[in-house]
Each structure stands twice: as C-alpha cells, then as structure tokens.
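# Chains, contacts and geometry: an overview
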Amino acid sequence: MSPRGASRLVDKRASTRIEDVLCADKTANLARARSRVLEASKAGASLIVLPECFNSPYGCQYFPSYAETLQPSPPTKEQSPSFHALSELAVESKSYLLGGSIPEYVESTKKYHNTSLLFSPKGDLLATHRKVHLFDIDIPGKITFRESDVLSPGNKLTLVDLPPYGKIALAICYDIRFPELATIAARKGCFLLLYPGAFNLTTGALHWELQARARAMDNQVYVGLCSPARDMEATYHAWGHSMVVDPNASVMCEAGEEEEIVYAELNGEKIEETRKGIPIYTQRRFDVYPDVSEGKIKFDE
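The rules behind the values
Residues numbered from 1 in each chain as written. Predicted model: local features only at pLDDT ≥ 70, side-chain atom pairs only at ≥ 80, totals over all residues. Heavy atoms only, no water. Helix = DSSP H or I, 4+ residues; strand = E, 2+ residues; numbered from the N terminus. Expected span 1.5 Å × (residues − 1). Buried < 20%, exposed > 50% of the residue type's maximum accessible area, 1.4 Å probe, protein only. Phe/Tyr/Trp six-rings, centres within 6.5 Å; stacked < 30°, edge-to-face > 60°. Contact = heavy atoms within 4.5 Å. Core = buried A, V, L, I, M, F, W, Y, C linked by side-chain atoms within 4.5 Å. Pairing = 2+ DSSP bridges. Salt bridge = Lys/Arg side-chain N within 4 Å of Asp/Glu carboxyl O. pLDDT = per-residue confidence, 0-100. Axes fitted to C-alpha atoms, helices over the stretch in contact; angles between N-to-C directions.

By the naming in an unreviewed UniProt entry, the chain goes by CN hydrolase domain-containing protein and is assigned to Imshaugia aleurites.

Right, dumping it as structure tokens:
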C-alpha cells in the first residue's frame, strides 16, 4: 500500500451458477453484480473487484455472443451495456470499481479481447486492460483449452494511480504466470497487483494460491485474486477461492468455492516493514543481470 493512505479491497465473486442459468440474460448478470457491489460498499469498501467474465459464462464458445464494443470511448449503451452499468455503479457505490473482465469486440480489427475496465468513484474510465497472455494449455487427461482460437492478446502493461491511495497494476488470470509483469509493476511503484481470474479445478489446485503468494513474495506488494464461484453444472468449472495476499506472502483472507465477498485492509506500513526486514530492493545485482523494469516496456496499445 502506498504510504499516502490505506484502503479496503474487496474481491467480489459473481456466481457462475447465476452466469450459467442466466446466460441468455446479461441484464440479470449485471443486476446481480450491482447488488453485491453495493453490499460491499456499504461495508466500507473503497476498491471493489469483480471476477473475470463477470457478465457472461467463461468459454471460447461464449465470447463472440457476449462481446461488447468499447471503442470509440465512451461507447453507447447499446454498444456496451456493461460499460455503462459499471460506470453508474462506481458512482452509486462511491468506490473504485474494477469490472473483472468482459468479452470485447473491436470493429476496426475484427478481433475479440478479454478486457478489464476500471472506473473512478465519479464514474470515469481510468484504465482498460486487455489480457496479455492467452490461456492455451493442454494437460493430458485433465484439460485442454485454447483462448487464442477466439481471442487476441492485449499489447501493454496497465498501471494506474488511485488518488489518494497510490498506484496499482491490472492484469487478468493467466497473466499472473508471467512474473515480469508483476516485477515491472512493483518497481514502477505499484502497491497492489490485481488479477481477476478463472483458474480451473486442475490449475487452481496446483497453482492458484502459489502464484498469488509468489508474486507477493517476489515483489513485497499486495496481490488480489478474484475468481468466479464454482458451478459444477456449468461448462467451465472455476476454482473459486478469491483471496488477498500481503507483502510478506501471507494469505489475509480467502473465499471458499461458493459466492462470497472477502475484505482486506491494505496498509503501506506493511510494505515498508516487509522491505525493511528482507531488503531485496537494495540488494539486487543489476551489475550481474538487467533490471527488467528499465527495458523496452509498452504502456500503450
């Protein structure tokens, strides 16, 4: 957390059961998200996070039919009902609101993206992050999944300042497996890394908590993971277990498999204490290896 203040972070997990049952009704999905965001804000949350694909089922077969057009910004309500719902909800909840991700379609390129939208308490769009690393895996006997069959990757890192708290980094799900993004973000001054994500039952059991704690440990910052709840009747089974990890890699709070709101208070003193105790920030050997945060980095598409 930046020394400029303290914030309460909420990982809000929209139920995949709701998304599956109401998959033909995006309006109902947005209404459900609204009710839980308002619940979180009434509990004192100033930064609220929704899961990956919170307005639709997760799956390559769903992305085209649920995709919304975000450019040029701001889109019309017909082009992107989720954009306007999030903007209005940020105002209503008086919070910074990260709309986990939604499927996006870009008319000029004919491409689809998995895209996060961050809004200010005034309803202004602060940042857009398109998933940089696409989830293409094949674990024999377990799971095969290829996002690249439908989606195209984003081409930038996304760092954004949240007055009066400090700078955060946005990424999505599979992006967490690439530590360069986290290292660059932390060395550029981010106190918090946020990853809306939908790990499955195989990768979730293996690496969900491990990845969160590893990114926190490597960079001595807070890490927040926000997953859809688990629904074994859906076509994709999310791991769940949204969590917040502190700069010392301890799990501060963790949800279960079902829909739940988890809260965490973030404090800059914890970062300072951790870095003072284990001073890796002053012990790096850039005479032996390069500083990845000083390389050629794209912050714009």
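### Structural notes on helix 2 (residues 26-42)
Between the first and last C-alpha of helix 2 there are 25 Å, a value that for 17 residues agrees with the 24 Å anticipated at 1.5 Å per step. Every buried residue of helix 2 is listed here: K26, A28, N29, L30, A33, R36, V37, L38, A40 and S41. One or two residues past the end of helix 2 sits G44, with phi positive at roughly 105 degrees.

### Things to note about the packing of aromatic side chains
Throughout the structure, instances matching the rule amount to 12 aromatic pairs. Arranged with centres 4.5 Å apart and planes meeting at 65 degrees, the rings of Y58 and Y236 form a pair that is edge-to-face. Highlighted residues: Y58 in the loop between strand 2 (47-49) and helix 3 (63-66) and Y236 in the loop between strand 11 (222-226) and strand 12 (243-245), separated in sequence by 178 residues. The exposure class assigned to Y58 is buried, which follows from its relative accessible area of 8%. Taking the centre distance of 5.1 Å and the plane angle of 80 degrees together, the rings of F83 and F119 count as edge-to-face.

### Structural notes on the side chain of T203
Following the sequence through the fold, T203 ends up in helix 6 (residues 201-219). With residues up to four places along the chain from it excluded, the contact list for T203 reads I137, I139, R177 and W208.

### Brief notes about the nonpolar core
Grouped together as the largest cluster of nonpolar side chains are 23 residues, with contacts concentrated most on L118, L162, I168, L192 and L194. Contributions of two or more residues to this core are made by strand 2, strand 3 (96-106), strand 8 (158-162), strand 9 (166-170), strand 10 (190-196), strand 11 and strand 14 (261-267). Judged by nonpolar contacts, the second largest core, of 21 residues, contains A182, Y195, A216 and L225.

### Comments concerning the pairing of strand 4 (residues 111-119)
For strand 4, the buried fraction is high: seven of the nine residues fall into the buried class. Taking the residues between adjacent antiparallel strands as the criterion, strand 3 and strand 4 are bridged by four residues, where K110 takes a positive phi near 60 degrees. In this structure, strand 4 lies alongside strand 5 (residues 125-130), joined through five bridges in antiparallel fashion. What sits directly across from S116, in strand 5, is H129. If you look at the hairpin formed by strand 4 and strand 5, you'll find five residues sitting between the two strands, and G123 has a positive phi there, around 90 degrees.

### Side note on the environment of M243
Mapped onto the elements, M243 comes out in strand 12. Of the residues examined, M243 reaches a relative accessible area of 0% and is grouped as buried. Sequence separation of M243 and G224 is 19 residues, and the distance between their C-alpha atoms is 5.9 Å.

### Considering the pattern of salt bridges
Scanning all chains against the criterion turns up 18 salt bridges. A salt bridge links R36 to E259, with the nearest nitrogen and oxygen atoms 2.3 Å apart. With a gap of 223 residues between them, R36 in helix 2 and E259 in the loop between strand 13 (251-254) and strand 14 connect regions that are remote in the sequence. Judged by its relative accessible area of 12%, R36 is buried. E209 serves as the salt-bridge partner of R213, at 3.7 Å between the closest nitrogen and oxygen. With R213 and E209 both in helix 6 and four residues apart, this pair spans about one turn of that helix. One salt-bridge network, in which partners are shared between bridges, spans R32, R36, E39 and E259.

### Concerning the confidence of the model for the chain
Of all residues in the chain, 92% attain a pLDDT of 70 or more, and the chain-wide mean is 91. Long-range and interchain partners of residues 1-24, a stretch whose pLDDT sits below 50, account for 120 contacts in this model, where long-range means more than four residues apart.

### So, the sheet that holds strand 10
A sheet is described by the order of its strands in space; here six strands give the open sequence 8-9-10-11-12-13, paired in mixed fashion. The two strands at the open ends of the sheet, each matched to only one other strand, are strand 8 and strand 13. The mean angle between the axes of side-by-side strands here comes to 20 degrees, regardless of whether they run parallel or antiparallel. With four bridges connecting them, strand 9 and strand 10 associate as parallel partners. Bridged to A169 within strand 10 is L193. Sheet strands in contact with helix 5 (residues 179-187) are strand 8, strand 9 and strand 10, and its direction is about 150 degrees off that of strand 10.

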